[in-house]
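# Residue-level structure breakdown
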Amino acid sequence: MELKKYILAIYFGFLMHLIIAIWNGFFGSSPGADMDAAGLFGFAIDVSTDLEFEDFEIGYVPYINLLGIIFHYTIPSLFLGSLISCFAWLWSSHILIKILDLMGATSRAKFQAALINSLYPASILFTSVTLREPFQLLFLTLSVYSMIKIYKTGNPFRFINLIAYVFLMGVLHGAYLITGIAILAMSFILLAVKNNYKIPYAKIFFYTSFIALPFIYLITWTFSFSYDFSDGIVAAAVSYQDGALNDGEGARANYKSVTDFSGISGLLTFIFFGFVQYMFKPFVWDVASPLDIIVMLEGFLRFYLLWRVYKNFKNRSFGGDLSWIFVLLIFLLNEFIWSLGTINWGTAMRHHVPVFFCLLIVAFCVPGESRSLKFNKGHRASVDINITSKE
């Protein structure tokens, strides 16, 4: 049986990840793995020694506790930690193809999406080392897959899987908790559309409450002291940015220098330009190093994929499938949340990684049958013209 091109693309990407893992594990820190990745590995080593766990809270703690358990019963190896991250990326890449299958994408589209996903520089660098990003990516991908499955099959019991995935990505960072709650809400909407707005709410509540309620309580409890939103999410973001600007004052990659604004118009301007800068900085005139060129090209790629989405929407290529709208909303929501607290394009490069697959889905999920339908219509029209002219 001939291997599909998109499978070859995925495993080429996996090979690239293995190279980075070997580099990081045996030959010194790979690019992007010299600070947080090394620090999290050190914390995991501490946990593995006597299995003394850090107190639970949203963030890096669940990751280092789990990695510490694995190190305790195997070997405390940086390469092993990196290898686990590589397999998380590999799993998420296969789920990406399954999502595109569900949405009727052609083999060519799946190959293009898989190739871009495999060659995406930030993904290669940050999902091959001991960081949370590969697992945020994995659980977000599984959540989106579950949402689309709910829509395609109309099966409400898939909410059990979805809640588990939302919990797992939510404990890794608050931004993914918010995104996960949004995915749950979107799934209910899609299920309502699928079932002509007739939903067995009682059954859903009965079967999911046993799982959902403990998760919600646990996350809410930790979220309450992990993040201070007493003055609102924007105020919390501004406070965080002020602290980051003070810590990294004068850093070359900063695209924000002040966070002062007044009035509603100032707030909206602050949010809008912050989002644009987060998505597309550095611009050509900001480039001052080889790494800046890579980050700039990633911004060009995001712009191209968004343009492709607009083109597909304009041409009505999505047909009656509504799931692509919600996948796009997940992408925009997650990027918007990160834009509120990010001040430089080096950090932004890392934050783009877990949700980038959503943009690939919407850019390449045009069903093959819609294209063939257009061709057939055009072909029939040309045949009719030829017959008429002969008559």
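Notes on the structure follow. (Residues numbered from 1 in each chain as written. Predicted model: local features only at pLDDT ≥ 70, side-chain atom pairs only at ≥ 80, totals over all residues. Heavy atoms only, no water.)

Contact geometry for helix H5 (residues 107–119) and helix H16 (residues 356–364): axes closest at 10 Å, N-to-C directions at 155°. Compared by their axis directions, H5 and H16 come out roughly antiparallel. Both H5 and H16 take part in a crossing whose hand is right-handed. Taken together, the residues of H16 that come into contact with H5 (itself represented by Ala109, Gln112, Ala113, Ile116 and Asn117) are Phe356, Leu360 and Phe364. Of the residues contributing to the contact of H5 with H16, the split by class is six nonpolar, two polar and no charged. (Axes fitted to C-alpha atoms, helices over the stretch in contact; angles between N-to-C directions. Helix = DSSP H or I, 4+ residues; strand = E, 2+ residues; numbered from the N terminus. Parallel < 35°, antiparallel > 145°, perpendicular 65-115°, else oblique. Left-handed = near helix turned anticlockwise from the far one by under 90°. Contact = heavy atoms within 4.5 Å. Nonpolar A, V, L, I, M, F, W, Y, C, P; charged D, E, K, R; others polar.)

At a minimum axis separation of 13 Å, helix H13 (residues 290–314) and helix H14 (residues 323–341) run at an interaxial angle of 150°. Considered as vectors, H13 and H14 are oriented roughly antiparallel to each other. Crossing angle aside, the handedness with which H13 passes H14 is left-handed. Within the contact between the two elements, H13 uses Arg302, Leu306, Val309 and Phe313 and H14 uses Trp324, Leu328, Phe331 and Glu335.

A word on the nonpolar core. With 90 residues, the main nonpolar core has Ile99, Leu140, Val144, Met147, Phe357 and Ile361 as its most contacted residues. Of all the elements, helix H7 (residues 133–153) adds the most residues to this core, at 12 residues. Excluding anything up to four places from it in sequence, Ile361 contacts Leu96, Ile99, Leu100, Met103, Val144 and Val327. (Core = buried A, V, L, I, M, F, W, Y, C linked by side-chain atoms within 4.5 Å. Buried < 20%, exposed > 50% of the residue type's maximum accessible area, 1.4 Å probe, protein only.)

With that settled, consider a nonpolar patch on the surface. A contiguous nonpolar surface patch, about 410 Å² in accessible area, is contributed by Phe12, Leu15, Ile19, Leu115 and Leu119. Listed by contribution, the elements that provide at least two residues to the nonpolar patch are helix H1 (5–26) and H5. The element contributing the most residues to the nonpolar patch is H1, with three residues. Mapped onto the elements of the fold, Leu115 is located in helix H5. (Patch = residues over 30% accessible without salt bridge, like charges linked within 9 Å, V, L, I, M, F, W, Y side chains within 5 Å. Areas by Shrake-Rupley, 256 points an atom, 1.4 Å probe, with all protein chains shown as cover. Salt bridge = Lys/Arg side-chain N within 4 Å of Asp/Glu carboxyl O.)

The next subject is the side chain of Ser118. You can see Ser118 is positioned in helix H5. Overall, Ser118 belongs to the buried group, its relative accessible area being 0%. Looking at Ser118, its side chain comes within polar contact range of the main-chain oxygen of Ala9, at 2.8 Å. Those residues in contact with Ser118, other than ones at most four positions away along the chain, are Ala9, Ile10, Gly13, Trp89 and Ile124. (Polar contact = N/O pair within 3.5 Å; in protein donor to acceptor, adjacent residues only side chain to side chain.)

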